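Single-letter residue listing:
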Amino acid sequence: MVESIEHAAGTVTFCAHSAVPGARCPRCGVASWRVHGRYVRRLADAPVGGASAVVELVMRRFKCLNPQCPAVTFAEQIEGLTSPHARYTPLLRTLLTSIAACLAGRPGARLAAALNIHVAKDKLLELLRGLPELPLVSVRVLGVDDFALRKGDSYATILVDLEERRPVDVLPGRAAEPLTTWLRGHPEIEVVCRDRAGAYAEGARSGAPQARQVADAWHLLRNLAEAVEKTVGAHHPCIRRAFTTPTAVTECATALSGTAEPPVEEASFVLPDGTRDVLGRPRRLVARTTERYTAVQQLLSEGKSLAAISRLLRLDHSTVRRFARARSLDELLVKATNRASILDEHKPYLHIRWSEGCHDIPQLHRELREHGFTGDIQCVRRYFRPFKKPHSPKPTNPPTPAPEPRPAPKPRRVVRWIMTHPGRLAETDAAELKEIRAACPHLDATARHVRDFADMMHDLRGNELPAWMDRVLTDDLPALHSLVNGMKRDLDAVTAGLSTPWSSGQVEGHVTRAKLLKRMGYGRANLDLLRRRILLRT
């Protein structure tokens, strides 16, 4: 029964007492009406009208009438309002638990303060850890993937029910043993969808031998793209030659014009290959890459291990491994020199204007600004500095200018063209890809194999995989050969991945959400707290 309501200093206080004549002992259940004493209990409640709310209850302590009961006295509890040792009403406790499940510690405390609820971050974490575990359910199709708790240092494994589209557990690490133990407790699992990690393959094989393993199609396509990128990098010199050599049509047009004079010197335009700086000197990155590649290959020929080379050259082990696995220096220089620039999309226009005789850098910069270029004039000036030559007097009868070479596309752009469906390519991109395929038989074979693999994956024709691998092995494509050898070691799962509609797409979505929850904890939350927030699906 409410006796009075007070409002002072932004807090609403409800003064009340119980109107029930007696209470039952929580130990023995015997009713008692003998009051031993009274005391005032303060409970925080949900805000009222934007102000903090406090309930002041006059509580009674009763004497137990059962002489056999170990409790001599006991305090009454009001159903729906109080519980032993609680400082919050059930309504406020539910509200704070929801805030903790959504935002955890510090962010939750800040939101609660904005709602005029005073609570410490540690109390929110305590409420979150006090939530009961979700009941175990039967899982038929399981998705498995890993995510980083601290990238390069510690990881965790998330398990997702692909039919119910919800996470069912989070395991520490990404080794085979935790997954094996968990799978042994769920013999009802029929399908395990995973990436190409060997640890998960071993864990699924040991923990659920009855289940069919399915390699995720997206990871298979990603592995193929990585092999294509290595192949394009190894054959990028062929692409450069194709784009810097005049085409047969242009040569014929020049011959029919009847002019055999060489082009004027100032109009010649030599495309930079990325190996020299603006002053024409070899770039430090190119020189360093060449020096390291030579040193690593020399030590390998002497029988040194990668660990020993790493110590001798004082290089990271992954760097030494990259230089050791490179088939040629060109493969490394392609990655080192072909980097994206804000000027890349405007270079064809610059080449046309330069060949037309416009060598005024401010004028070129103004024209680029009209076309949407956001860089400054120094960017344009640095680009033309290596090949801008002194002006020479123009002849009376100017000869026909030489065919202008085109900039070779970056390796990653070529990879994107090869990996994209031909029907979704722009006309210019499709034309350049056709020219690249005509200039390099290896890249032509690579594009053909990629198209066959994509069609096989789209139509779920996994039974054609052995024939596809045989066709790949007949061509001189070492990167694709390595991919095929890896597929042979996991042939059943890869075939299932190309034959069934199951994939890890929704698992990747839950991984993205887990990373968001991890970052919201600012890296301070332990795995048990992160696991609880992931499984709550808030």
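Refer to the structure above for everything that follows.
Per chain, residues are indexed from 1 in the order of the written sequence. For this predicted model, a pLDDT threshold of at least 70 governs which residues receive local features, and a threshold of 80 or more governs which side-chain atom pairs are given and counted, while totals over whole chains, interfaces and linings are taken from all residues. Working from all heavy atoms in the structure, the side-chain values ignore hydrogens and water.

Asks: Lay out helix α4 (residues 176–184) in plain terms, naming residues and giving numbers.
Replies: Using a 1.4 Å probe on the protein chains alone, a residue whose accessible area is under 20% of its type maximum counts as buried, one over 50% counts as exposed, and one in between counts as partly exposed. Comment: elements are numbered from the N terminus, with helices defined as DSSP H or I runs of at least four residues and strands as E runs of at least two. All of the buried residues in α4 are A176, L179, T180, W182 and L183. All buried residues of α4 fall inside an arc of 165 degrees around its axis, so they share one side. Exposed and oriented more than 90 degrees from the buried face of α4 are E177, T181 and R184. Of the surrounding secondary structure, the elements contacted by the buried residues of α4 are β8 (141–150), β9 (154–161), β10 (166–172) and α5 (198–207). The arc under discussion is defined with respect to the helix axis, by the directions toward the C-beta atoms. Contacts: residue pairs with any heavy atoms within 4.5 Å of one another.

Asks: Can you lay out the nonpolar core for me, pointing to particular residues and giving the numbers?
Replies: Residues enter a nonpolar core if they are buried and are Ala, Val, Leu, Ile, Met, Phe, Trp, Tyr or Cys, with the set joined through side-chain atoms within 4.5 Å. Counting 39 residues, the largest nonpolar core has F453, L465, W468 and M487 as its most contacted members. Elements represented by at least two residues in this core include exactly α6 (217–234), α7 (236–244), α16 (411–419), α17 (427–439), α18 (441–458), α19 (465–473), α20 (478–489) and α21 (491–497). Counting residues per element, this core draws most heavily on α18, at seven residues. Non-local contacts of F453, meaning those with residues more than four positions away in its chain, are made with L220, L221, L224, L465, W468, M487 and L498. Listed in part, the 17 residues of the second largest apolar core include V141, C193, L517 and I534.

Asks: Can you tell me about the packing of aromatic side chains, naming the residues and giving the values?
Replies: Paired rings are identified among Phe, Tyr and Trp, the last through its six-membered ring, by centres lying within 6.5 Å, and are further divided according to the angle between planes into stacked (under 30 degrees), edge-to-face (over 60) and tilted (the rest). Under the criterion given, the structure shown has two aromatic pairs. Ring geometry for F62 against F74: centres 5.9 Å apart, planes inclined by 25 degrees, an arrangement best described as stacked. Remark: F74 occurs in strand β7 (residues 73–75) and F62 occurs in strand β6 (residues 51–63); sequence separation between them is twelve residues. This pair shows no difference in class: F62 is buried, exactly as F74 is. Ring geometry for F453 versus W468: centroids 5.0 Å apart, planes at 55 degrees, classification tilted. You can see F453 sitting in helix α18 and its partner W468 sitting in helix α19, a full 15 residues away along the chain.

Asks: Pulling in residues and values, what's your account of the pattern of salt bridges?
Replies: Think of a salt bridge as a Lys or Arg side-chain nitrogen and an Asp or Glu carboxyl oxygen that are within 4 Å of each other. As enumerated under the stated definition, the model contains 21 salt bridges in all. With its nearest N and O atoms 3.0 Å apart, the salt bridge here joins D122 to K121. Look at K121 and you get partly exposed, because its relative accessible area is 27%. As a salt-bridge pair, R129 and D528 come within 2.9 Å of each other at their nearest N and O atoms. Of this pair, R129 sits in helix α3 (residues 121–129) while D528 sits in helix α23 (residues 527–536), placing them 399 residues apart in sequence. R129 gets classed as partly exposed once you look at its relative accessible area, which sits at 36%. A network of salt bridges, in which partner residues are shared, links R437, D444, R448 and D475.

Asks: Help me get a handle on the sheet that holds β9, residues and values and all.
Replies: Reading across from one edge, β10-β9-β8-β11-β12 is the order of the five strands in this open sheet, with mixed pairing throughout. At either end of the open sheet lies a strand with only one pairing partner, and these are β10 and β12 (212–215). Looking at each pair of strands side by side, their axes are set apart by 25 degrees on average, direction ignored. Relative to β9, β8 runs antiparallel, the two being bridged by eight bridges. If you follow D145 over to β9, its bridge partner there is I158. Here, axes are lines fitted to C-alpha atoms. For helices the fit covers the stretch in contact, and angles between N-to-C directions go from 0 to 180 degrees. Along the sheet, helix α22 (residues 505–520) makes contact with β8, β9 and β10, crossing β8 at roughly 30 degrees. Strand pairing is defined by DSSP finding a minimum of two bridges between the two strands.

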